[in-house]
Amino acid sequence: MLLWFVGTGVLSIWFVFRDPNFDYRFLILGVLTPDVIDGLWGGARGLHSVTVSVVALIVVMLMTIGRRSLRKRLLGIPIGFFLHLVYDGAFANTGVFWWPFTGLSFDGSRLPVVERGWANVFFECVGFGLCAFMWRRSSMSDARVRREFFSSGRLSI
């Protein structure tokens, strides 16, 4: 799944923060990373745990002390991790979500996106609608706006 996570992540951050300088590129990276990395490991693993999201947030905060502009950009990654957990329903698998506090083994846990099966078609359609809404709302059909997005990560909403 791609559009579901991008659409829900971008719309959530836009709706909550309304920050014209937020770098959505890092948010998109963060919201897609958990399924990519854990998928390579064969199922729901550390990136589907709230622990890893919290650690990522702490690491970004500590690494960017005194570098406010870098912090503002990089915060999109752990925020994306957290949003992925919410929109993936990762909290439904207690053993993985609360890892390592519930034990160190992942016991062959499958990715939530795999467990949903054909329901993903519905979620991708909703994600497409959300992406289309944000595309229109931010005037991404304008080449100048797209260039601005790809170079700065900002959406003109």
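The following paragraphs examine the structure supplied in this document. Every chain is numbered on its own, with residues counted from 1 as its sequence reads. Local features in this predicted model are restricted to residues whose pLDDT is 70 or higher, and side-chain atom pairs enter the listing and the counts only when it is 80 or higher, whereas totals over whole chains, interfaces and linings include all residues. Computation of side-chain values: all heavy atoms of the structure, hydrogens and water removed.

1. A short note on the packing of helix H2 (residues 24-40) against helix H9 (residues 143-152)
For helices, the fitted line uses only the C-alpha atoms of the stretch in contact; every axis is such a line through C-alpha atoms, and the angle between N-to-C directions lies from 0 to 180 degrees. Each helix is a run of DSSP H or I of at least 4 residues and each strand a run of E of at least 2, with the numbering of both proceeding from the N terminus. Running from amino to carboxyl end, H2 crosses H9 at an angle of 65°, the nearest separation of the two axes being 7 Å. For the element pair H2 / H9, the angle class is roughly perpendicular. Residues Tyr24, Arg25 and Ile28 of H2 form the contact with H9, whose participating residues are Phe149, Phe150, Ser151 and Ser152. Under the convention adopted here, Pro, Cys and the residues Ala, Val, Leu, Ile, Met, Phe, Trp and Tyr are nonpolar, Asp, Glu, Lys and Arg are charged, and Gly plus all remaining residues are polar. Class assignment of the residues belonging to the contact of H2 with H9 gives a composition of four nonpolar, two polar and one charged. Oblique is the label for any angle not covered by the other classes, which are roughly parallel (under 35 degrees), roughly antiparallel (over 145) and roughly perpendicular (65 to 115). The criterion used for residue contact is that any of the two residues' heavy atoms lie within 4.5 Å.

2. Notes on helix H8 (residues 119-137)
A rise of 1.5 Å per residue sets the reference length of H8, with its 19 residues, at 27 Å; its end C-alpha atoms lie 27 Å apart and thus fit the reference within 8%. Exposure categories follow from relative accessible area, calculated using a 1.4 Å probe and restricted to protein chains: below 20% of the type maximum is buried, above 50% is exposed, and the middle band is partly exposed. Those residues of H8 lying buried are Asn120, Gly127, Leu130, Cys131 and Met134. Burial along H8 is one-sided: seen end-on, the buried residues are contained in an arc of 100°. Residues of H8 that are exposed and angled more than 90 degrees away from the buried face: Phe122, Cys125, Phe128 and Arg136. One or two residues past the end of H8 sits Ser139, with phi positive at roughly 60°. Expected helix span is given by 1.5 Å per residue-to-residue step, counting one fewer step than there are residues. Here the arc refers to the set of directions running from the helix axis out to each C-beta atom.

3. Quick word on the layout of surface pockets
Buried and open spaces are told apart on a 1 Å grid over the protein atoms alone, a cavity being a set of points where a 1.4 Å probe fits but cannot get out and a pocket being an open set with protein on both sides within 12 Å along at least five of seven lines. Residues with an atom within 4 Å of a point are the lining residues. Grid points are joined across faces, edges and corners, and a volume is the space filled by probe spheres set on the points. Estimates place the volume of the largest pocket at around 310 Å³. Within the residue set of the lining of the largest pocket, elements represented by two or more residues are helix H1 (3-17), H2, H8 and H9. A per-element tally of the lining of the largest pocket places H8 first, with six residues. Residues belonging to the lining of the largest pocket are distributed by class as follows: 14 nonpolar, two polar and one charged.

4. Looking at the nonpolar core
The biggest cluster of nonpolar side chains holds 18 residues, and the ones touching the most others in it are Val10, Ile13, Tyr24, Leu27 and Leu155. Residue assignment for this core shows that the elements contributing at least two residues are H1, H2, helix H5 (76-88), H8 and H9. Of all the elements, H1 adds the most residues to this core, at six residues. If near-sequence neighbours (up to four positions away) are discounted, Tyr24 is found in contact with Val10, Ile13, Trp14, Phe149, Gly153, Leu155 and Ile157. Counting residues in hydrophobic clusters, the runner-up holds seven residues, among them Phe26, Leu47, Ala56 and Val60. Here, nonpolar core means buried Ala, Val, Leu, Ile, Met, Phe, Trp, Tyr and Cys residues that are tied together by side-chain atoms lying within 4.5 Å of each other.

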